[in-house]
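Structural overview for review
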Amino acid sequence: MLSDPQDPILHPSPLRRVAAACRELARRSGMLTVGWVLVGVGLLLMPTPLPLGLLLFLAGLAVLARESAAARQAIRWTRRRLPVLSEALNRAKPRLPAGLRTLIESTDPIADLAPGE
């Protein structure tokens, strides 16, 4: 009885699949909006003497990179052209939380060029 076509757990209705897809789209849209708002506010606060603008900008980039392949590609492009930034991120990586380490690894331009991956 494992393949009972009436079992809602094994065979969710099309309506449930549509609802799940809508929830995922809403979640992703919300995260992208939050990321762009953080980037925008960070850029506005960048000239202030406190590093709050830079922190908000970086937090926004982190949110965008988690949700968007295009954002990861743009960060990779930037790190390729600014090797000092890339080296600083790689040096700081061991001291950062696991989520940020994963983000730094996923945008590493050197790892992107490694053969066999």
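Reference entry: report on the structure contained in this document. Residues take numbers from 1 onward in each chain, read along the sequence in its written order. Residue-level local features of this predicted model are given only where pLDDT is at least 70; pairs of side-chain atoms are given and counted only at 80 or more, and the full residue set underlies all totals for whole chains, interfaces and linings. Hydrogens and water are ignored here; the side-chain numbers use all heavy atoms of the structure.

1. Structural notes on the overall build of the protein chain
Each helix is a run of H or I in the DSSP string that is no shorter than four residues. Each strand is a run of E no shorter than two, and both are numbered from the N terminus. Scanning the protein chain from N- to C-terminus turns up 6 helices and 0 strands. For the protein chain, the N- to C-terminal ordering of α and β elements is α-α-α-α-α-α. The classification of residues rests on relative accessible area computed with a 1.4 Å probe and restricted to protein chains. Under 20% of the type maximum is buried, over 50% is exposed, and intermediate values are partly exposed. The burial tally for the protein chain puts 20% of its 117 residues in the buried class. Whether two residues are in contact is decided by their heavy atoms, any of which lying within 4.5 Å being enough. Here the contacts in the protein chain between residues at least 6 apart in sequence split such that 42% fall between residues at least 24 apart.

2. Regarding a nonpolar patch on the surface
Like charges are joined within 9 Å and nonpolar side chains (Val, Leu, Ile, Met, Phe, Trp, Tyr) within 5 Å, but only among residues with over 30% relative accessible area and no salt bridge; these make up the patches. Throughout, the Shrake-Rupley method with a 1.4 Å probe supplies accessible areas, and for residues the shown protein chains are the sole cover considered. For salt bridges, the criterion is a side-chain nitrogen of Lys or Arg within 4 Å of an Asp or Glu carboxyl oxygen. Side chains of L43, M46, L54 and L58 sit close together on the surface and give an oily, nonpolar patch of about 350 Å² of accessible area. By secondary structure assignment, the location of M46 is in the loop between helix 1 (14-45) and helix 2 (52-67). According to the relative accessible area criterion, M46 is partly exposed, its value standing at 34%.

3. Let's talk about the packing of helix 2 against helix 3 (residues 69-81)
Where helix 2 meets helix 3, the closest approach of the two axes is 5 Å, and the angle between their N-to-C directions is 125°. What the angle tells us is that helix 2 and helix 3 run oblique. For the pair helix 2 and helix 3, the crossing hand works out as left-handed. In this structure, helix 2 contributes L61, L64, A65, R66 and E67 to the contact, and helix 3 contributes A69, A71, R72 and I75. Whenever a helix is involved, its axis is fitted only over the stretch in contact; in every case the axis is a line through C-alpha atoms, and angles between N-to-C directions fall within 0 to 180 degrees. For this classification, under 35 degrees means roughly parallel, over 145 means roughly antiparallel, 65 to 115 means roughly perpendicular, and everything else is oblique. In this scheme, a crossing is called left-handed if the near helix is turned counterclockwise away from the far one by less than a right angle; it is called right-handed if the turn is clockwise.

4. As for the environment of I75
Position of I75 relative to the elements: it lies in helix 3. Leave out the neighbours within four places in its chain, and I75 touches L61, A65 and T107.

5. Concerning the side chain of D108
By the element assignment, D108 lies in the loop between helix 5 (98-106) and helix 6 (109-112). The residues touching D108, leaving out its near neighbours within four places in the chain, are R76, R79, S86 and N90.

6. Comments concerning the pattern of salt bridges
With the rule as written, the count across this model stands at 4 salt bridges. A single salt-bridge network, built from bridges that share partners, covers E24, R27, R28 and E67.

Bear in mind that shape data such as this cannot, by itself, settle questions of function.
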